[in-house]
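Structural description and commentary
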Amino acid sequence: MNNVRPESMARITTTELANQFIDEQIAEIRAQVGDKKVLLALSGGVDSSVVAALLIKAIGKQLVCVHVNHGLMRKGESEQVIEVFRNQLDANLIYIDATDRFLDLLAGVDDPESKRKIIGGEFIKVFDEEASKLEGISFLAQGTIYPDILESDGVKAHHNVGGLPEDMQFELVEPVRLLYKDEVRVVGKALGLPVSMVDRQPFPGPGLGVRCLGAITRDRLHALREADAILREEFENAGLNQTVWQYFIAVPDMKSVGVKDSKRYEGWPAIIRAVNTTDAMSATIEEIPYALLHKITARITAEVEGINRVLYDLTPKPIGTIEWE
């Protein structure tokens, strides 16, 4: 496959152009795959979800989707994958809850790069195990997009390109490999995927594993997931999900003293990160109204067991990276 985006290729900005692209890809997929089976690791992210929907439209049950829940997903994400793909699109979906497997391996590991390698390596093992149980798989579909191809130089240790075991004998199906992220979103909406899935903000491969800072514990991971869900809900209610590129909570492995029910109460801080960027190479800090920050703080400290402070990270990139780890 030629991985150079042709200069003549029009940017997909409208439903009409998206439908034209979908029709072309359906024809190409059917020509490439024939009557054989295709395997896809369906994370629930924008790219893999759009590829899944496109392939279901093209080849239906010939596509086998495997969703591995590594226990580091945001609140409700695995449930949404099952609802959309199994219940609504009638996909051939295999769901693996590998939470214990991942969290047991990560116990006591505090080095960020070690955590990334464990999560990425184990994900491939779980996926490989599932793939080996299936018969007649000839193709592997991936949600590779154009920036992945441009960036596949080892910067992203957990990314699609170059992250697969060498002994996987599959031919690749990469229908959105020449598209930019904004184009993938337009195609996803034209395919009828829910806006919440298509407009999902970027999420690292290791998931909450790099936002539960230091060694991951189940109680702190749970607190992080709940606090992050409150932040997302309040940003959506305020319309900030339309204007802020990425926003999330990080919870460090440290406690401070607070007061709850007139007693001293030790808890973790929840750190809010909200940034805008065009290319992720640099990022500016979003001005969040103080009234909203107060509301988010009140909700998180009242509703989330274990968190007793909320902080706002004011550091642009550079000097701070977007993620903390």
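Rules and cut-offs
Residues numbered from 1 in each chain as written. Predicted model: local features only at pLDDT ≥ 70, side-chain atom pairs only at ≥ 80, totals over all residues. Heavy atoms only, no water. Helix = DSSP H or I, 4+ residues; strand = E, 2+ residues; numbered from the N terminus. Expected span 1.5 Å × (residues − 1). Buried < 20%, exposed > 50% of the residue type's maximum accessible area, 1.4 Å probe, protein only. Arc of directions from axis to C-beta. Contact = heavy atoms within 4.5 Å. Core = buried A, V, L, I, M, F, W, Y, C linked by side-chain atoms within 4.5 Å. Pairing = 2+ DSSP bridges. Axes fitted to C-alpha atoms, helices over the stretch in contact; angles between N-to-C directions.

Right, let's get into helix H10 (residues 290–303). The α-helix advances 3.6 residues per turn, and as a result positions three or four apart in sequence lie on the same side. For H10, spanning 14 residues, the distance from its first C-alpha to its last is 20 Å, which sits close to the expected 20 Å at 1.5 Å a residue. Among all positions in H10, only Leu292, Leu293, Ile296, Arg299 and Ile300 are buried. What you see down the axis of H10 is that its buried residues fit within an arc of 130°, all on one side. Among the exposed residues of H10, those pointing more than 90 degrees away from its buried face are Tyr290, Ala291, His294 and Ala302. Tucked into the core, H10 has its buried residues touching helix H9 (218–237), strand E6 (246–250), strand E8 (263–276) and strand E10 (307–312).

With that settled, consider the nonpolar core. In summary, soluble globular proteins display a tendency toward joint burial of nonpolar side chains. Counting residues in each nonpolar core, the largest one holds 44 residues, and the members touching the most others are Leu39, Leu221, Phe235, Ile249, Ile300 and Ile307. No other element matches H9, which puts seven residues into this core. Not counting residues within four places of it along the chain, the set of residues in contact with isoleucine 307 comprises Ala223, Ala227, Val251, Tyr265, Trp268, Ala270, Ile300 and Thr301. Leu40, Leu42, Ala53 and Phe85 belong to the second largest nonpolar core, which has 39 residues in total.

Okay, helix H7 (residues 181–190) next. Those residues of H7 that fall on the buried side of the exposure criterion are Glu183, Val184, Arg185, Val187 and Gly188. Residues of H7 that are buried in the fold lie against helix H1 (15–33), helix H2 (46–59) and helix H8 (195–198). Two residues or fewer past H7, glycine 192 is found with a positive phi of approximately 90°.

This part covers the sheet that holds strand E2 (residues 63–69). Taking strand neighbours across the sheet as the criterion, the five strands line up as E3-E2-E1-E4-E5 in an open arrangement whose pairing is parallel. Since the sheet does not close on itself, it has two edges, and those belong to strand E3 (92–97) and strand E5 (171–173), each with one partner. Within this sheet the neighbouring strands show an average axis-to-axis angle of 30°, counted without direction. In this structure, strand E1 (residues 37–41) lies alongside E2, joined through four bridges in parallel fashion. Its bridge partner being in E2, leucine 40 is matched across the sheet by cysteine 65. Lying over the sheet, helix H3 (residues 77–88) contacts E2 and E3, oriented at roughly 165° with respect to E3. Strands in contact with helix H5 (residues 112–133) are E1, E2, E3 and strand E4 (137–141); relative to E1, the strand with the most contacts, it is inclined by about 155°.

Inspection of the secondary structure puts asparagine 237 in helix H9. Taking relative accessible area as the criterion, asparagine 237 reaches 57% and is therefore assigned exposed. Placed 154 residues apart in sequence, asparagine 237 and glutamate 83 show a C-alpha to C-alpha distance of 23 Å.

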